[in-house]
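Examining the three-dimensional arrangement
The chain contents come next:
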Amino acid sequence: EQHNGLARFLEAKGMVTTALDVATDQDYRFDLAVQLGDLSVAQEIAAALDSTARWKQLGQMALTAGKLDLASDCLTRASDFSGLLMLSSARGDRAGMGAVAAAAGAAGKTNVAFLGFFLLGRLEDCLVTLLEAERLPEAAFFARTYVPSSITPALAKWKVDLAAINPKAAESLADPAAYPNLFPHLEEALRAEKMLEVQRTTQLPAVGFVAAAATVAAATEGGLDGLLLRLQGLGLGDEEVVEVEEGEEEEAAEEAEEAAAEDEEEVELDAEEAAEEEAEVEVEEVEEGEAVEENGDEE
């Protein structure tokens, strides 16, 4: 205890290195090592303490210093899945991202697991993660958007779960297998899913995006122009967007004109009320004057 007291005295005098040599309390020594930025000593102390908080603190310190391997080791020991996913993503480590996502899922960290699988393009694993976490509505909508072939099984689980709370609402959920007319362009979505399923396994560097886009456009019937025409046919063309924007602008202009007209009417009403009040005051003054004159005549 005397050593620690002396170490605190030395720290107060700015002799942090000497204080680290004198101190015996491991937590205090770790704080001193952090002050000095001595990663090796801090790592030794963290290993002795084996504290999640200390490992996480050392991991952040290692990230700041650019020691990525040490940061990865510290964050792993601290079970900091968010930090590990961020680090793996920044390093372009697909294998590491997959391992982090799987470990996060096993530990119940659904958000990290889902994000990791989604970044890797493992959409089926994303859907499984949502289903296992009992996020059934989200799973059904995710399937509708990204994995249309899995809509029916995801929807079935949602309906069973919802039926226990609101049977009528559960019955109102439409299954595309039974009501295909309520799901326009579902066939196109299924074909797109099969096409993208093959492409997701192909790893391309980011710099190859332009060339890949040109290849896809060339492989599409009619090229890029044909693709744009089909998108317009699905209601996704630029013309429809422009029309909506123009309609919104017209509505905004009409609302502004109506608001201005209402303001003018209010101003006119206020002016009329003020004029009426002034007229009433003048009438009262005249009546009072006449009354005074009559009293004077009587006297």
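Going by what an unreviewed UniProt entry lists, the chain is known as Putative coatomer subunit beta'-3 and is assigned to Tetrabaena socialis. Its UniProt record gives the chain the following Sequence similarities (unreviewed entry) comment, quoted word for word: "Belongs to the WD repeat COPB2 family."

1. Some remarks on the overall build of the chain
Assigned secondary structure in the chain consists of 17 helices and zero strands. When burial is assessed residue by residue, the chain has 26% of its 299 residues classed as buried. Summarising the internal contacts of the chain: among those between residues at least 6 apart in sequence, 25% fall at separations of at least 24. Summed over all atoms, the accessible surface of the chain reaches about 20,100 Å², with 54% contributed by carbon and sulfur.

2. Brief notes about the packing of helix H7 (residues 81–91) against helix H9 (residues 110–119)
Any two packed helices are characterised by the angle at which their axes cross and by the distance between the axes. Axis separation between H7 and H9 bottoms out at 10 Å; the angle between their running directions is 15 degrees. By the angle class used here, H7 and H9 are roughly parallel. Crossing hand, H7 versus H9: left-handed. Each of Phe81, Ser82 and Leu85 in H7 lies in contact with H9, whose residues at this interface are Val112, Leu115 and Gly116. Looking at the contact of H7 with H9 residue by residue, the class counts come to four nonpolar, two polar and no charged.

3. A few points about the packing of H9 against helix H10 (residues 123–132)
At a closest axis distance of 8 Å, the pairing of H9 and H10 adopts a crossing angle of 165 degrees. Overall, the two elements H9 and H10 adopt an arrangement that is roughly antiparallel. Considering how the two elements wind past one another, H9 and H10 form a crossing that is left-handed. Here Thr110, Ala113, Phe114, Phe117 and Phe118 of H9 come into contact with H10, specifically with Leu123, Asp125, Cys126, Thr129 and Leu130. In terms of residue class, the contact of H9 with H10 is built from seven nonpolar, two polar and one charged.

4. Notes on the packing of aromatic side chains
One pass over the full model with this rule turns up six aromatic pairs. Arranged with centres 5.5 Å apart and planes meeting at 80 degrees, the rings of Phe118 and Tyr146 form a pair that is edge-to-face. Of this pair, Phe118 sits in helix H9 while Tyr146 sits in helix H11 (residues 136–146), placing them 28 residues apart in sequence. On the basis of relative accessible area, Tyr146 is assigned to the partly exposed category, the value being 37%. An aromatic cluster of at least three residues, connected via ring pairs, comprises Phe114, Phe118, Phe142 and Tyr146. The cationic tip of Arg8 hangs over the ring face of Tyr28; the distance from NZ or CZ to the ring centre is 4.1 Å.

5. Observations regarding unusual backbone geometry
Even without being glycine, Asp50 reaches a positive phi, approximately 50 degrees. We classify Asp50 as exposed; its relative accessible area is 55%.

6. Brief notes about H9
Among the residues making up H9, those that are buried are Val112, Ala113, Gly116 and Phe117. For H9, the buried positions fall inside an angular range of 125 degrees around the axis, keeping them on one side. In the core, the buried residues of H9 are packed alongside H7, helix H8 (94–106) and H10. Once H9 finishes, Gly121 follows within two positions and takes phi at roughly 75 degrees, a positive value.

7. Considering the nonpolar core
The biggest cluster of nonpolar side chains holds 32 residues, and the ones touching the most others in it are Val100, Val112, Leu127, Phe142 and Trp158. Not counting residues within four places of it along the chain, the set of residues in contact with Phe142 comprises Phe114, Phe118, Leu123, Cys126, Leu127, Leu130 and Val147. Listed in part, the 25 residues of the second largest apolar core include Ala19, Ala46, Leu70 and Ala71.

8. Side note on the side chain of Glu193
By the element assignment, Glu193 lies in helix H14 (residues 186–200). Filtering out sequence-adjacent residues up to four positions away, Glu193 remains in contact with Tyr146, Val147, Pro148 and Ser149.

9. A look at the pattern of salt bridges
Taken as a whole and assessed by the stated rule, the structure comprises six salt bridges. Taking the shortest distance from any N to any O, the salt bridge between Arg54 and Asp27 comes out at 3.5 Å. One end of the pair, Arg54, is in helix H5 (residues 52–65); the other, Asp27, is in helix H3 (residues 26–36), and 27 residues separate them in sequence. Owing to a relative accessible area of 14%, Arg54 belongs among the buried residues under this scheme. Of the charged contacts in the structure, one is a salt bridge between Arg77 and Asp73, with a shortest N-O distance of 3.2 Å.

10. Some words on the environment of Gly108
If you trace the backbone, Gly108 turns up in the loop between H8 and H9. When the C-alpha atoms of Gly108 and Thr129 are compared, they prove to be 9.8 Å apart, with 21 residues separating the residues in sequence.

What counts, and at which threshold
- Residue positions within a chain follow its written sequence, with the count starting from 1.
- pLDDT decides what is reported in this predicted model: residues at 70 or higher carry local features, side-chain atom pairs at 80 or more are listed and counted, and totals for whole chains, interfaces and linings draw on all residues regardless.
- Side-chain numbers here rest on the full set of heavy atoms in the structure, without hydrogens or water.
- UniProt positions are given in the numbering used here, feature names are shortened, and annotations may be inferred rather than shown by experiment.
- The helix count covers DSSP runs of H or I at least four residues long, the strand count covers runs of E at least two residues long, and both are numbered beginning at the N terminus.
- Here the term buried applies to any residue with accessible area under 20% of the maximum for its type, exposed to any over 50%, and partly exposed to those in between, with areas from a 1.4 Å probe on protein chains only.
- Contacts are assigned to residue pairs with any non-hydrogen atoms lying within 4.5 Å of each other.
- Values of accessible area rely on a 1.4 Å probe in the Shrake-Rupley scheme; residue burial ignores everything except the protein chains shown.
- To get an axis, a line is fitted to the C-alpha atoms, and for a helix only the part in contact is used. The angle between two axes follows their N-to-C directions and goes from 0 to 180 degrees.
- Roughly parallel covers angles under 35 degrees, roughly antiparallel covers those over 145, roughly perpendicular covers 65 to 115, and oblique covers all other angles.
- Each crossing is labelled by how the near helix is turned from the far one, with a counterclockwise turn of less than a right angle marking it left-handed and a clockwise turn marking it right-handed.
- Here the term charged refers only to Asp, Glu, Lys and Arg, the term nonpolar to Ala, Val, Leu, Ile, Met, Phe, Trp, Tyr, Cys and Pro, and the term polar to all other amino acids, Gly among them.
- Within 6.5 Å between ring centres, the rings of Phe, Tyr and Trp (the latter by its six-membered ring) count as paired, and their orientation is classed by plane angle as stacked under 30 degrees, edge-to-face over 60, tilted in between.
- In this scheme, Lys NZ or Arg CZ marks a charge over a ring once it lies within 6 Å of the ring centre and within 35 degrees of the ring normal.
- The directions from the helix axis to the C-beta atoms are what the arc is built from.
- By convention a nonpolar core is built from buried Ala, Val, Leu, Ile, Met, Phe, Trp, Tyr and Cys residues, the set being connected through side-chain atoms within 4.5 Å.
- Salt bridges are defined by distance alone: a side-chain nitrogen of Lys or Arg within 4 Å of a carboxyl oxygen of Asp or Glu.

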